[in-house]
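Residues per chain, in single letters:
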Amino acid sequence: MTQTPKRALHKFEKSLPIALLRTREATTRLFKPFIDGHDLTMPQWRVLRALAEADALDARTLSERCVILPPSLTRIFRAMTQRGLIRQVECADARRHMVALTETGRALFEQVLQESEPDYTRLAKAFGPERLDMLLDLLNELRDTAQRMVDTSPDDDTAPPHP
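Residues numbered from 1 in each chain as written. Predicted model: local features only at pLDDT ≥ 70, side-chain atom pairs only at ≥ 80, totals over all residues. Heavy atoms only, no water.

> Sorry, what's going on with the nonpolar core here?
As a rule of thumb, nonpolar side chains are buried together in soluble globular proteins. Counting residues in each nonpolar core, the largest one holds 26 residues, and the members touching the most others are Val-47, Leu-48, Leu-51 and Leu-62. Among the secondary structure elements, those contributing two or more residues to this core are helix H1 (16–36), helix H2 (42–52), helix H3 (59–66), helix H4 (70–82), strand E3 (98–101) and helix H5 (103–127). Residues contacting Leu-48, with those up to four places away along its chain left out, are Leu-40, Met-80, Leu-101, Gly-105, Leu-108 and Phe-109. (Core = buried A, V, L, I, M, F, W, Y, C linked by side-chain atoms within 4.5 Å. Buried < 20%, exposed > 50% of the residue type's maximum accessible area, 1.4 Å probe, protein only. Helix = DSSP H or I, 4+ residues; strand = E, 2+ residues; numbered from the N terminus. Contact = heavy atoms within 4.5 Å.)

Printed below as a string of structure tokens:
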């Protein structure tokens, strides 16, 4: 019986998914107290954060931007509406559920941002502002590359070359 050769497995410490999870956990621990202090969940904060940069967004866009499944987003909308943080916005397409921040929601966003900014600044200074900016650019490129790989089949000649 012939033995199949073992594939080279990346060491645990060099595993991309593990490294990304550990980084997410460490950075979340840094900022979560500010979110918790205002009785928000991390997904609610992501919605608040996304809406702060837009006049209004539809549920599909928020789901994609905030990395939240649609059923969870429905519950988040309900809770945030009850707290007066978001409001539904009229839309020409009745199938789209558009929401925007209320004045209360915008004020809460600004308050959390103001409270957390010193820690963000400390992190940027400790890591290096240029390196942090480069890391964010690289992570976005990595996400786009991985998404293209998911969207194209291995036999597809249109798959992007490795940069």
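From this point, the narrative continues.
> Looking at this structure, I do not really get the packing of H5 against helix H6 (residues 129–151). What am I missing?
How two helices sit against one another is set out by the angle between their axes and by the gap between those axes. Viewed as axis vectors pointing N to C, H5 and H6 meet at an angle of 100 degrees, and their least axial separation amounts to 6 Å. As judged from the angle between their axes, H5 and H6 are roughly perpendicular. Contact with H5, carried on its side by Tyr-120, Ala-124, Lys-125 and Phe-127, involves Pro-129, Arg-131, Leu-132, Leu-135 and Leu-136 of H6 and no other residues of that element. Classifying every residue of the contact of H5 with H6 by side-chain character gives seven nonpolar, no polar and two charged. (Axes fitted to C-alpha atoms, helices over the stretch in contact; angles between N-to-C directions. Parallel < 35°, antiparallel > 145°, perpendicular 65-115°, else oblique. Nonpolar A, V, L, I, M, F, W, Y, C, P; charged D, E, K, R; others polar.)

> Explain the environment of Ile-68 to me, please; I cannot follow it from the model alone.
Here Ile-68 is to be found in the loop between H3 and H4. By relative accessible area, Ile-68 is classed as buried at 6%. Placed 24 residues apart in sequence, Ile-68 and Gln-44 show a C-alpha to C-alpha distance of 9.8 Å. The contacts of Ile-68, once residues within four sequence positions are left out, are Pro-43, Arg-46, Val-47, Ser-63, Leu-73 and Ile-76.

> What exactly am I supposed to notice about the packing of aromatic side chains here?
Two aromatic rings are characterised by how far apart their centres lie and by the angle between their planes. Under the counting rule described, the total for this entry stands at two aromatic pairs. Judged by centre distance (5.5 Å) and plane angle (20 degrees), the ring pair of Trp-45 and Phe-109 falls under stacked. A residue pair is termed long-range when its members are at least 10 positions apart, and Trp-45 in helix H2 and Phe-109 in helix H5 qualify at 64 residues. By relative accessible area, which is 6% here, Phe-109 ends up buried. The ring of Phe-127 has Arg-131 sitting right over it, with the charged end atom 4.2 Å from the ring centre. (Phe/Tyr/Trp six-rings, centres within 6.5 Å; stacked < 30°, edge-to-face > 60°. Lys NZ or Arg CZ within 6 Å of the ring centre and 35° of its normal.)

> Even after reading the chapter, I still don't get the packing of H3 against H4, so can you show me in this structure?
One can describe the packing of H3 onto H4 by two numbers: an axis separation of 10 Å at closest approach and a directional angle of 110 degrees. In terms of their interaxial angle, H3 and H4 are classed as roughly perpendicular. Note on element contacts: H4 touches H3 through Pro-70, Leu-73 and Phe-77, opposite Ala-59, Leu-62 and Ser-63. The class makeup of the residues in the contact of H3 with H4 is five nonpolar, one polar and no charged.

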